[in-house]
Amino acid sequence: EPEVTQTPSHQVTQMGQEVILRCVPISNHLYFYWYRQILGQKVEFLVSFYNNEISEKSEIFDDQFSVERPDGSNFTLKIRSTKLEDSAMYFCASSEDGGATGELFFGEGSRLTVL
Amino acid sequence: AQSVSQHNHHVILSEAASLELGCNYSYGGTVNLFWYVQYPGQHLQLLLKYFSGDPLVKGIKGFEAEFIKSKFSFNLRKPSVQWSDTAEYFCAVNHTTSGTYKYIFGTGTRLKVLA
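What this report covers is the structure whose coordinates are included nearby. Every chain is numbered independently, its residues counted from 1 as its sequence is written. Think of it this way: whatever chain is written first is A, whatever ligand is written first is 1, and the rest follow in order. Under the rules for a predicted model, residues below a pLDDT of 70 receive no local features and side-chain atom pairs below 80 are neither given nor counted, while totals for whole chains, interfaces and linings still include all residues. Side-chain numbers here rest on the full set of heavy atoms in the structure, without hydrogens or water.

## Observations concerning the overall build of chain B
- Within chain B one finds zero helices and twelve strands.
- In chain B, the order of α-helices and β-strands from amino to carboxyl end is β-β-β-β-β-β-β-β-β-β-β-β.
- A globule of 115 residues ought to have a C-alpha radius of gyration of about 13 Å, and chain B, at 14 Å, matches this closely.
- Dimensions along the principal axes, computed over C-alpha positions, put chain B at roughly 45 × 30 × 20 Å.
- For chain B, buried positions account for 45% of its 115 residues.
- Taking as baseline every contact in chain B between residues at least 6 positions apart, the subset at least 24 positions apart corresponds to 54%. Secondary structure elements follow DSSP: runs of H or I of four or more residues count as helices, runs of E of two or more count as strands, with numbering from the N terminus. Throughout, the radius of gyration refers to the C-alpha atoms, and the reference size of a globule is 2.2 Å times the residue count to the power 0.38. With a 1.4 Å probe rolled over the protein chains alone, any residue whose accessible area is under 20% of its type maximum counts as buried; one over 50% counts as exposed, and the rest are partly exposed. The contact criterion used is simple: two residues touch if any of their non-hydrogen atoms lie within 4.5 Å.

Written out as structure tokens, the structure reads:
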């Protein structure tokens, strides 16, 4: 069964450092997303990406965040200068049709700990 | 702003007990509704979804949910829970704005089933 894969599974970093989280969406999917879940809180939308550009982003997705699809398979989330409050589980998701008829397929998440 | 509310944050049940998890959303337009489950250490997986038609939706592992439009609700039910149902359950809604579908998740309900 096709799946979304994410690396790393866990990253520990110092405040102010840059972090790149990587995702390989399901191969025939066209819509890509990043969500995050701070421990004990809800799953929050960060950004959606389609046709090589951001289609929507939340207030959380400020100038410190960026996304990129550098090749035909990877979808990355970069945090330029991490803050303590960026500590969370980051989930990548992909969708075949952007939600019109289908579901989101999630990766297992990348846990980011900022010290 | 659109939101999804899950009223129960923690639920503890004995095996064979019946389960009902509440979910209400606030959005006046057409929505699609989902329940996702996150087993310990795993990624979010789709339990069931509602797009149209019969408001009583059956999903995997014996779960079902009923869409009541007048109450803006989509409660999840299972007649007899098992220990393996211990997980976190998220209600989600998606709707379209200018052709882009936006998913919004609730805060989640952590279910613990005692053997």
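Additional details are given in the paragraphs that follow.
## What about the pairing of strand S2 (residues 10–14) of chain B?
All names here are of chain B.
- Only one face of S2 is covered, namely the face carrying Val11 and Leu13; the face carrying His10, Ile12 and Ser14 is uncovered.
- Being paired, for any two strands, means DSSP has found at least two bridges between them. Inspection of the sheet shows S2 paired to strand S12 (residues 109–114) by five bridges, in the parallel sense. Its bridge partner being in S12, Ser14 is matched across the sheet by Leu114.

## With respect to the interface of chain B and chain A
- If you look at the interface, chain B gives 19 residues, while chain A gives 20 residues.
- Considering only the side of chain B, the residues that lose the most area to chain A are His43, Tyr103 and Phe105 of chain B, jointly responsible for 31% of the buried surface there.
- Here, a salt bridge means any side-chain nitrogen of Lys or Arg that lies within 4 Å of a carboxyl oxygen of Asp or Glu. Linking chain B with chain A are zero salt bridges, by the criterion used here.
- Residues adjacent in sequence count toward polar contacts only when both atoms are side-chain atoms; beyond that, a polar contact is any pair of N or O atoms within 3.5 Å, and within protein one must be able to donate a hydrogen and the other to accept it. Our enumeration of links across chain B and chain A arrives at two residue pairs in polar contact (both at pLDDT 80 or more).
- Sorting the residues of the side of chain B that touches chain A by element identifies strand S5 (32–38), strand S6 (44–50), strand S10 (87–97) and strand S11 (100–105) of chain B as the ones contributing at least two each.
- The greatest single-element share of the side of chain B that touches chain A, amounting to five residues, is contributed by S11 of chain B.
- The residue classification treats Ala, Val, Leu, Ile, Met, Phe, Trp, Tyr, Cys and Pro as nonpolar and Asp, Glu, Lys and Arg as charged. All others, Gly included, are polar. Each residue belonging to the side of chain B that touches chain A can be placed in one class, and the counts come to nine nonpolar, seven polar and three charged. The term buried area refers to how much accessible surface (probe radius 1.4 Å) is lost by two components on association, counted for both of them together.

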